[in-house]
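Breakdown of the fold
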Amino acid sequence: MTKKISVRRRLLCGASALVLALAALPLVQAGQASAQAAQPSRPRSRQFDIPAKPLLAALADFTALTGVQVVRSSQEALTGSSAQVTGTLTAAEALSRLLAGTGLSARFTSASTAVLSRRGEATRPVGVAPDGSEELDPIDVTANVPPADAPYATPGPVSFISGEQIERLPPTSVGDIFRDTPGVIASGNRIGASVDLNIRGLQGQNRVNVMVDGTRQTGSSYRGYRGSRNEVYIDPDFIGGVDINKGPYGGAGGVGAMGGVVNMRTIEAGDILRPDAEYGARLEGSLGGDMATPPPAGSHDYETSPPDFFNGDAWSGSVAAGVKKENYEFIAAASRRKAGNYFVGTNGADSFLDNRIPGSTPVERALSPIKPGWEAFNTSQDVTSFLAKGKVSWGDAHALELGYIYYNNNYGDYNETLLSFVGHPTIITPYEQFALAETTTNTFTSKYTYDPGSDYINFTAHAWASDVETYSEVLKDFAGAPDGDGKSHIRTYGGDTANISLFDTPLGQLRVNNGVEAVYEMADEKASYYFGLQSKNPNGNRLLLSAFNQSKLEMTGWVALLGGLRYDYYQVKPTDHLSEYPEKEGSRLNPSAGVEFTLAQGLQFYALYTEGWRPPSLRESASLTFSTVLPNPDLEPEISKNAEFGVNFLRDNVFIGGDKLRLKASYFNNNYDNYIIRTRIPNDFYYTWTNIPRAKFVGYELSGSYDAGKFFIEANFTKYTDIQFCGEGGVCSFDVAAGDYGVVTIPPEYSGAITAGIRLFDEALTLGGRAYFFGERYGGYRLLAGAVNAPNYWAANTIVDFFGSYKFNEDITWDFSLENAFDRYYLDPLSTGLLPSPGRTLRTSVSWRF
């Protein structure tokens with residue numbers, strides 16, 4: 001114990017030293033910058049191509065290209081148009097040409113700041129008004145760049161899902177919203193009410209951090225032979241947008257997650273208010289078809305055809321009210337959502353030629369025990385949710401935000417293993433409606449910002465907590481659990497601080513983001529104890545600590561260098577009946593580096609190398625699964641080493657005036673050392689967790705959109721070219737990971753979606769459709785040597801949806817959709833259970849803002 005404490009102290013001391021070093025970096029650089037400022041330097045020239053356009057938009061382009069912040073008097077609105085700017089110019093020359101004819105002039109107060117004034121006005125120091133008291137406000141150039149454009153201006157693997165995209169085709173399962181995102185698939189999307197994401201082949205065991213307003217829920221549940229699933233719960237009515245970072249992320253949210261970071265942002269006051277309104281409210285209501293109220297628990301009587309449309313078994317309603325003033329804003333919202341068991345499709349093959357077992361005679365086998373047109377038991381949801389968020393600003397630089405989210409869902413749940421045995425010739429498991437599960441989440445968020453307008457200080461601090469409690473008869477009854485109470489409970493606490501600083505150096509402008517992050521998980525489960533000895537879910541605590549640095553050096557107008565360091569530390573402590581297992585801890589310094597080339601306005605090439613780290617999860621180190629899957633205290637953390645090359649294109653007025661073209665293409669080569677899998681203990685009945693030397697996922701992604709006003713098109717595509725699992729001696733084969741639940745997380749070889757629509761009657765009416773397509777599992781469905789189960793089979797398919805929207809006026813909108821329009825019978829890719837997806841589903845909704 002003395003040695004362990006000593007090691008821990010050394011690790012924490014090392015982390016503290018790194019944090020202090022990072023915190024001191026701005027002071028050192030500030031001193032260097034002050035010294036360098038006294039030395040004259042020759043202004044840099046760069047290529048400009050900014051067409052004449054509204055002045056504020058032109059200044060946004062200028063700032064995006066040069067990094068120069070333009071400030072102005074807060075009393076004067078900038079109107080009119082800019083002049084065209086082309087050629088190789090310094091920033092001062094370009095800004096002077098851009099302002100020609102506007103009556104404005106610019107004065108540079110530093111290499112990164114320019115002040116606008118009317119010609120003839122007396123100049124004054126930056127930040128001082130004519131009366132000596134009022135600061136100038138920066139022009140908000142980011143207001144002209146919608147969040148949906150951010151992926152096409154970011155040199156890295158990022159995506160965004162807008163609230164508009166979610167409203168077009170309301171999700172039956174929350175995971176449906178990710179169909180428009182390359183590289184991201186919701187695994188087991190029809191099981192339960194949670195979302196479990198696969199990003200570029202990685203999922204589970206906290207490899208992907210899925211957050212709600214920056215908070216983690218960190219829950220998981222055991223699914224028998226199909227492994228386990230991470231579980232995050234949210235009401236889709238409250239989602240305002242989704243930010244997605246694929247792979248290791250260097251900022252807040254990235255600790256312990258090397259597969260990606262996803263943040264589902266809930267609605268804010270600005271999402272429901274009329275433009276420029278200070279207060280208002282929004283009412284929404286919807287009706288859906290193809291669903292039926294679930295029968296009583298234990299029922300085996302299912303319907304074989306869907307009921308009439310809008311039978312009252314699928315509906316939702318929500319109300320939200322908000323206020324937005326200069327120094328404060330607030331929103332409160334409540335939602336009720338009810339959806340019965342859905343009905344599966346009727347068209348398409350319901351069987352396949354099963355040749356998954358090598359050496360056996362292929363046989364025709366049912367795709368699922370649930371036949372075309374049947375009611376899908378255990379797919380209902382009954383959601384009640386509430387949200388309250390507020391923000392107050394004071395002084396010239398301070399702001400505080402507080403938020404609370406309540407979510408309760410009574411829903412159908414399956415254990416995928418039991419579903420696999422429905423209709424089995426020797427293991428008799430009936431097709432049955434189970435008692436509904438119930439999950440309640442309480443989420444608390446807070447955020448403080450201090451932004452005095454200094455180049456060196458832009459400070460943010462978060463603190464949050466989440467509490468997730470689940471009761472499930474499926475958990476309690478699986479394999480018999482006489483001592484279980486059917487409950488699992490996990491609390492997670494966390495917080496982070498960060499500061500962004502800007503420095504002018506002889507090499508260019510340097511942007512530095514320094515921060516620290518902490519997460520503490522507390523898991524307690526007695527849901528499925530078997531005579532007090534075993535459970536399916538973790539019992540233990542896990543601490544994650546991190547200090548990070550993200551830097552970007554703008555060397556010229558077309559070259560930027562990217563770099564970062566992240567120090568991560570973890571500690572796992574098993575509790576309750578697992579307390580005899582030792583604590584485990586470790587740390588690592590993870591670097592990243594990259595280069596960005598902006599060869600023309602809106603055209604960007606980038607190359608990145610990023611390392612990440614994923615310590616063992618509570619399930620791998622503090623969960624005794626029916627005494628057959630044993631924790632392994634000797635597990636080493638996984639290490640990711642990812643390389644990516646990509647190109648972004650973002651430009652307006654390409655083919656016709658006012659159109660918008662966005663494109664993103666990337667190639668990724670992701671390698672994972674010490675990859676953790678489940679494996680059978682040699683010559684024993686038991687399983688445990690172990691590290692294999694390496695896993696690898698290689699492929700490319702494409703995404704883009706074109707909007708000409710009268711019509712639009714969006715598309716995404718993902719293709720995997722290589723997936724490997726490598727054992728000792730360099731042997732690479734899927735068989736290396738055979739014991740890991742049949743490697744159920746391998747994605748389809750390709751997938752994507754194409755969305756197109758038209759806008760009619762002065763864009764009051766929008767009509768469109770989406771084709772979502774996917775191929776078969778990469779590498780096929782062969783029963784791997786040493787595996788108990790073959791992977792679930794799904795067939796390549798294309799699912800077509802239609803949608804429409806009509807705006808009666810600025811405040812009243814009618815939306816309608818027809819999902820799975822051709823009533824296809826199919827399983828989603830990465831289906832963990834043999835549960836077909838919903839058939840043809842009609843929905844309609846009305847939104848009224850007042």
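Below is a summary of the structure that appears in this document. (Residues numbered from 1 in each chain as written. Predicted model: local features only at pLDDT ≥ 70, side-chain atom pairs only at ≥ 80, totals over all residues. Heavy atoms only, no water.)

Now for the overall build of the protein. Tallying secondary structure elements over the protein gives eight helices and 42 strands in all. When burial is assessed residue by residue, the protein has 54% of its 850 residues classed as buried. (Helix = DSSP H or I, 4+ residues; strand = E, 2+ residues; numbered from the N terminus. Buried < 20%, exposed > 50% of the residue type's maximum accessible area, 1.4 Å probe, protein only.)

Restricting attention to buried positions, one finds in helix α3 (residues 91-98) the residues A91, A94, L95 and L98. What you see down the axis of α3 is that its buried residues fit within an arc of 95°, all on one side. (Arc of directions from axis to C-beta.)

This paragraph deals with the state of the cysteines. Applying the stated criterion across every chain, the model contains one disulfide. Here C726 pairs with C732 through a disulfide, and the sulfurs are 2.0 Å apart. Its torsion about the S-S bond being 100°, the disulfide of C726 and C732 is classed as right-handed. The exposure class of C732 is partly exposed, given its relative accessible area of 35%. (Disulfide = S-S within 2.5 Å.)

Another aspect to go through is unusual backbone geometry. Phi angles above zero are rare outside glycine, and D213 is one such case at about 50°. If you trace the backbone, D213 turns up in the loop between β10 (208-212) and β11 (215-216). One non-glycine residue, N674, adopts positive backbone phi at about 60°. Its location among the elements puts N674 in strand β35 (residues 660-680). Overall, N674 belongs to the partly exposed group, its relative accessible area being 26%.

Turning to the sheet that holds β11, a few remarks are in order. To summarise the sheet geometry, strands pair through backbone hydrogen bonds and adopt either a parallel or an antiparallel arrangement. Taken together, five strands build an open sheet; the order of strands is β7-β14-β15-β10-β11 and the sheet is mixed. Of all strands in the sheet, those bounded by a partner on one side alone are β7 (158-162) and β11. Pairing analysis gives two bridges linking β10 to β11, with the strands arranged antiparallel. Within β11, the position partnered with M211 by the bridge is R216. (Pairing = 2+ DSSP bridges.)

A few words now on helix α2 (residues 55-66). Given a rise of 1.5 Å per residue, 12 residues ought to cover 16 Å, and the 16 Å separating the end C-alpha atoms of α2 matches this to within 8%. For α2, a buried count of nine out of 12 residues is recorded, marking the element as mostly surrounded by other parts of the structure. Inspection of α2 places L55, A58, L59, A60, D61, F62, T63, L65 and T66 among the buried residues, and these make up the whole buried set. Where α2 ends, the next residue or the one after it, G67, has phi of about 80°, a positive value. (Expected span 1.5 Å × (residues − 1).)

What follows covers the environment of K573. Relative to the elements of secondary structure, K573 occurs in strand β30 (residues 559-574). Aside from chain neighbours lying at most four places away, what touches K573 is G540, N541 and E583. (Contact = heavy atoms within 4.5 Å.)

Turning to the packing of aromatic side chains, a few remarks are in order. For the structure shown, the criterion picks out 33 aromatic pairs. Seen from their ring centres, Y772 and F774 are 5.6 Å apart, and the 50° between their planes marks the pair as tilted. Of the aromatic side chains, those joined through ring pairs into one cluster are Y672, Y675, F697, F725 and F734. (Phe/Tyr/Trp six-rings, centres within 6.5 Å; stacked < 30°, edge-to-face > 60°.)

Turning our attention to a nonpolar patch on the surface. Nonpolar side chains collect at one region of the surface, where Y328, V392, W394, L400 and L402 lie side by side and expose about 440 Å² of accessible area between them. Elements that contribute at least two residues to the nonpolar patch include exactly β23 (381-394) and β24 (398-411). (Patch = residues over 30% accessible without salt bridge, like charges linked within 9 Å, V, L, I, M, F, W, Y side chains within 5 Å. Areas by Shrake-Rupley, 256 points an atom, 1.4 Å probe, with all protein chains shown as cover. Salt bridge = Lys/Arg side-chain N within 4 Å of Asp/Glu carboxyl O.)

This part is about the side chain of E416. Here E416 lies in helix α6 (residues 416-420). Within the structure, the side chain of E416 is placed 2.8 Å from the side chain of T832, a separation counted as a polar contact. Contact partners of E416, with chain neighbours within four places excluded, come to I191, R223, R226, T832 and G833. (Polar contact = N/O pair within 3.5 Å; in protein donor to acceptor, adjacent residues only side chain to side chain.)

Before going further, it helps to examine the environment of D354. In this structure, D354 sits in strand β21 (residues 351-354). For the pair D354 and Y793, spaced 439 residues apart in the sequence, the C-alpha separation amounts to 8.8 Å. In this view, D354 contacts P362, V363 and R365; residues no more than four positions away in its chain are not counted. Only 2.9 Å separates the side chain of D354 from the side chain of R356, close enough to count as a polar contact.

Let us now look at the packing of α2 against α3. Packing of α2 against α3 leaves a shortest axis separation of 11 Å and a crossing angle of 170°. With respect to α3, the axis of α2 lies roughly antiparallel. In contact with L55, A58, L59, F62 and T66 of α2, α3 contributes A91, A94, L95 and L98. (Axes fitted to C-alpha atoms, helices over the stretch in contact; angles between N-to-C directions. Parallel < 35°, antiparallel > 145°, perpendicular 65-115°, else oblique.)

Attention now goes to the side chain of T172. With respect to the element layout, T172 can be found in the loop between α4 (163-168) and β8 (184-186). By relative accessible area, which is 18% here, T172 ends up buried. If we skip the residues at most four places from it in the chain, T172 touches R190, M291, Y342, Q381, E819, P838 and R843.

Time to look at the pairing of strand β39 (residues 765-774). With eight of 10 residues buried, β39 lies mostly within the body of the structure. Here strand β38 (residues 750-760) runs beside β39; their pairing, made up of 10 bridges, is antiparallel. If you follow I758 over to β39, its bridge partner there is L767. Turn length for the β38-β39 hairpin, with the two strands adjacent in sequence and antiparallel, is four residues, and the turn residue F761 shows positive phi of about 55°. As judged from the 10 bridges shared by β39 and strand β40 (residues 797-807), these two strands associate in the antiparallel manner.

A few words on the pairing of β40. Bridge count between β40 and strand β41 (residues 812-819): six bridges; the pairing is antiparallel. Each residue of the ladder has a partner; that of F803, found in β41, is S817. Connecting the antiparallel pair β40 and β41 is a turn made up of four residues.

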